[in-house]
Amino acid sequence: MEAAEALTLLMSPQGRVDPYPTYERLRAHGPVVQALPGLYVVTGYPEVDELLRDPRLGVLDDALRDQVWPNWRQSPAVSSIARSMLRTNPPDHSRMRRLAAGAFTPRRIAGMRDVVRTQAEELLDVLVDSAAGGAPVDILADFAYPLPVGVICALLGVPAADRPLFRRWAGDLTGVLEPEITPEELTVADAGAAELRDYFVELIVARRRAPADDLTTALVQVHDADGERLTGDELLANLVVLLVAGFETTTNLLGNGLVVLLRHPAAAAELRADPALAPTYVEELLRYDSPVQLTTRTSTAPVRCGGLDLPAGSTALLLLGAANRDPRRFADPQRFDPMRDQGHPLSFGAGPHYCLGAGLARLEARLAFPMLLRRLPELALVEPPRHRTRLTLRGYESLLVSLGAPAGVRGAAP
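Looking at an unreviewed UniProt entry, one finds the protein chain named Cytochrome P450, with Micromonospora chokoriensis as its source organism. Per its UniProt entry, the protein chain bears the Pathway (unreviewed entry) comment "Antibiotic biosynthesis; mycinamicin biosynthesis."

**Q** Talk me through the pairing of strand β8 (residues 315-319); I want residue IDs and the actual numbers.
**A** Judged by how many residues are buried, β8 sits mostly within the fold: 4 of 5 residues are covered. The pairing of strand β2 (residues 39-42) with β8 spans 4 bridges and is parallel. Opposite V41, over in β8, you have L317 as the bridge partner. Looking at chain direction, strand β5 (residues 294-299) and β8 are connected through 5 bridges and run antiparallel. Within β8, the position partnered with T296 by the bridge is L317.

**Q** Just give me the short version of the layout of surface pockets, but keep the residues and values in it.
**A** By volume, the second largest pocket amounts to about 450 Å³. Around the second largest pocket, the lining is made up of 24 residues, and of these G171, R388, T389, R390 and E397 lie nearest the centre. Counting residues per element, the ones that place at least two in the lining of the second largest pocket are α2 (13-17), α12 (166-173), α13 (183-209), α15 (232-262) and β11 (396-398). Broken down by element, the lining of the second largest pocket gets its largest block of residues, 4 residues, from α15. Class assignment of the residues belonging to the lining of the second largest pocket gives a composition of 8 nonpolar, 6 polar and 10 charged.

**Q** How would you explain the sheet that holds β8 if you had to name every residue and give the values?
**A** One open sheet accounts for 5 strands, arranged β1-β2-β8-β5-β3; its pairing is mixed. Looking at which strands have only one partner, the edges of the open sheet turn out to be β1 (32-36) and β3 (57-58). Together, β1, β2, β3, β5 and β8 form the strand contacts of helix α4 (residues 45-53), whose direction differs from that of β8 by roughly 130°.

**Q** Could you give me a rundown of the nonpolar core, with the residues and numbers involved?
**A** Formed by 117 residues in total, the largest nonpolar core has its most connected members in F104, F166 and F200. Examining the composition of this core, we find that 15 residues originate from one element, α15, more than from any other. When neighbours within four sequence positions are excluded, F200 is seen to be in contact with L156, V158, L236, L239, V240 and L243. Ranked by size, the runner-up nonpolar core spans 17 residues in total, among them A3, Y20, L26 and L391.

**Q** For the side chain of T251, give the residues involved together with the corresponding values.
**A** Within the secondary structure, T251 is located in helix α15. Judged by relative accessible area, T251 falls into the buried class, the value being 7%. Non-local contacts of T251, meaning those with residues more than four positions away in its chain, are made with L140, A144, Y145 and P148.

**Q** Explain the packing of aromatic side chains residue by residue, including any values.
**A** All chains considered together, the criterion is met by 8 aromatic pairs. Between the aromatic rings of W169 and Y199, the centroid separation amounts to 6.4 Å while the plane-to-plane angle is 55°, which identifies the pairing as tilted. With a gap of 30 residues between them, W169 in helix α12 and Y199 in helix α13 connect regions that are remote in the sequence. Side by side, W169 and Y199 carry an identical accessibility label, which is buried. Ring pairs connect the aromatic residues F166, W169, Y199 and F200, which therefore count as one cluster.

**Q** Outline α15, supporting the account with residue identities and numerical values.
**A** For α15, built from 31 residues, the straight-helix expectation of 45 Å at 1.5 Å per residue is met to within 8% by its first-to-last C-alpha distance of 46 Å. In terms of residue burial, α15 counts as a mostly covered element, since 27 of its 31 residues are buried.

**Q** Describe in detail the sheet that holds strand β4 (residues 137-138), supporting the description with residues and values.
**A** Overall, antiparallel pairing links the 3 strands, which are arranged β4-β12-β9 in an open sheet. Because the sheet does not close on itself, it has two edges, and the strands there are β4 and β9 (380-381). In this sheet, strand β12 (residues 400-402) lies alongside β4 in antiparallel orientation, the contact comprising 2 bridges. Bridge pairing in β12 places D138 opposite L400.

**Q** Residues and numbers for the pattern of salt bridges, please.
**A** As enumerated under the stated definition, the model contains 26 salt bridges in all. For R83, the salt bridge goes to D62, with nearest N and O atoms at 3.1 Å. Taken together, the positions of R83 in the loop between α6 (76-82) and α7 (92-101) and D62 in helix α5 (residues 62-68) put the pair 21 residues apart, joining distant regions of the chain. The class for R83 is partly exposed, based on a relative accessible area of 26%. Its salt-bridge partner being R304, residue D309 comes within 3.0 Å of it at the nearest N-O pair.

The rules behind these values
- Residue positions are given per chain, counted from 1 along the sequence in the order it is written.
- Where local features are concerned, this predicted model is filtered to residues with pLDDT of at least 70; where side-chain atom pairs are given and counted, the filter is 80 or more; whole-chain, interface and lining totals use all residues.
- Side-chain measures were taken over the full set of non-hydrogen atoms in the model, leaving aside hydrogen atoms and water.
- UniProt positions are given in the numbering used here, feature names are shortened, and annotations may be inferred rather than shown by experiment.
- The buried label goes to any residue with under 20% of its type's maximum accessible area, the exposed label to any with over 50%, and the partly exposed label to all in between, with areas taken from a 1.4 Å probe on protein chains only.
- To qualify as a helix, a DSSP run of H or I must reach at least 4 residues; to qualify as a strand, a run of E must reach at least 2; elements of each kind are numbered from the N terminus.
- Paired strands are those between which DSSP finds at least two bridges.
- Only protein atoms enter the calculation, which uses a 1 Å grid: trapped sets of points that fit a 1.4 Å probe without letting it out are cavities, open sets showing protein on both sides within 12 Å along at least five of seven lines are pockets, and any residue with an atom within 4 Å of a point is a lining residue.
- Grid points are joined across faces, edges and corners, and a volume is the space filled by probe spheres set on the points.
- Only Asp, Glu, Lys and Arg are considered charged, only Ala, Val, Leu, Ile, Met, Phe, Trp, Tyr, Cys and Pro nonpolar, and every remaining residue, Gly among them, polar.
- Note on contacts: a residue pair is in contact if any heavy atoms of the two residues lie within 4.5 Å.
- Throughout, an axis means a line fitted to C-alpha atoms (over the contacting stretch in the case of helices), and angles, computed between N-to-C directions, take values from 0 to 180 degrees.
- Here, the term nonpolar core denotes a set of buried Ala, Val, Leu, Ile, Met, Phe, Trp, Tyr and Cys residues that are joined through side-chain atoms within 4.5 Å.
- Pairs were defined over the aromatic rings of Phe, Tyr and Trp, the Trp ring being its six-membered one, requiring ring centres within 6.5 Å. Orientation was assigned from the angle between planes: stacked under 30 degrees, edge-to-face over 60, tilted for the rest.
- One less than the number of residues in a helix, times 1.5 Å, gives the span that helix is expected to have.
- Any carboxyl oxygen of Asp or Glu that lies within 4 Å of a side-chain nitrogen of Lys or Arg is treated as forming a salt bridge with it.

Right, dumping it as structure tokens:
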């Protein structure tokens, strides 16, 4: 299959639901392949890692965005992403990232262990009660979503009563992160972004009136003290992105990972018996079915990578999910093996845009998986799960499960 044909397949609904066979078709052309004029697809682990760290490559800037999306400033969804640290280059990216980084230091994250554990235990209590009659439950909606959204909302200072609002808004908004989006999908994304921005405008007003010990207050105070350190548009955009990125990726990690564990009962039994294995299990789950499958970069100068020359102005489609299954980096990469000694998946990226919340996502997963398996030893899927037709953020629509007979005690966590 030609590279251009494989890329078309990858962007199709079929390719998005199960991208891994198409990754191998692209990999057959080499770790870097020119699929279209000016577009290079990268499947190799060292090549993706190299390009993510290379200062000659960055995210799409305003000038290039004007060329590919002339009316992007009129789109609430695109402009929200574009003005955040997610889609800016140094020095603006570095400036904004430093302002939020204090909430995600290893020490701050370690201090949230009890908060995460308590929230997970409470959600499991509710889950068990709701399935008391033997009815199946949607563990994605009732656990994998509310746990990370509760944690990020606690960091941002979002009231608990408002948390159910965000799943639809965020799900709609993140459509603009896909490599391709239809006008109809953009309309939906704009509506979600507008509602999220309206919500944060009200929260900003509330925090000016009554400051609190949360990240929203901290960012509002930085903006109010010096608008050059954080403009009004940047304040709003980063609050939106911190919320969305703070739970979308982790929800998918929990959902994707749980399905993998249920399909590998021997591995699940080992983790159930020894929760201290959770860190290695989480790294392998991230590698095996990454919640983030791709990102893009644009070259500002000629770059040579994977035996090819990428001219200035080239776009590189970096397939993180393919890199995580590069046989040059991971032996027998199609096999789920939590005991493999080749860690460091690229699921959270690398370089300047390495995911700010990666440590928090890992903490939540390391606590959640052993608790689920120990508290619900008879947990089982009741129907084949359906993936969302998204490629960038890979996850399920829902996960209907039966709980069986819950264990009599709450699952301990490392």
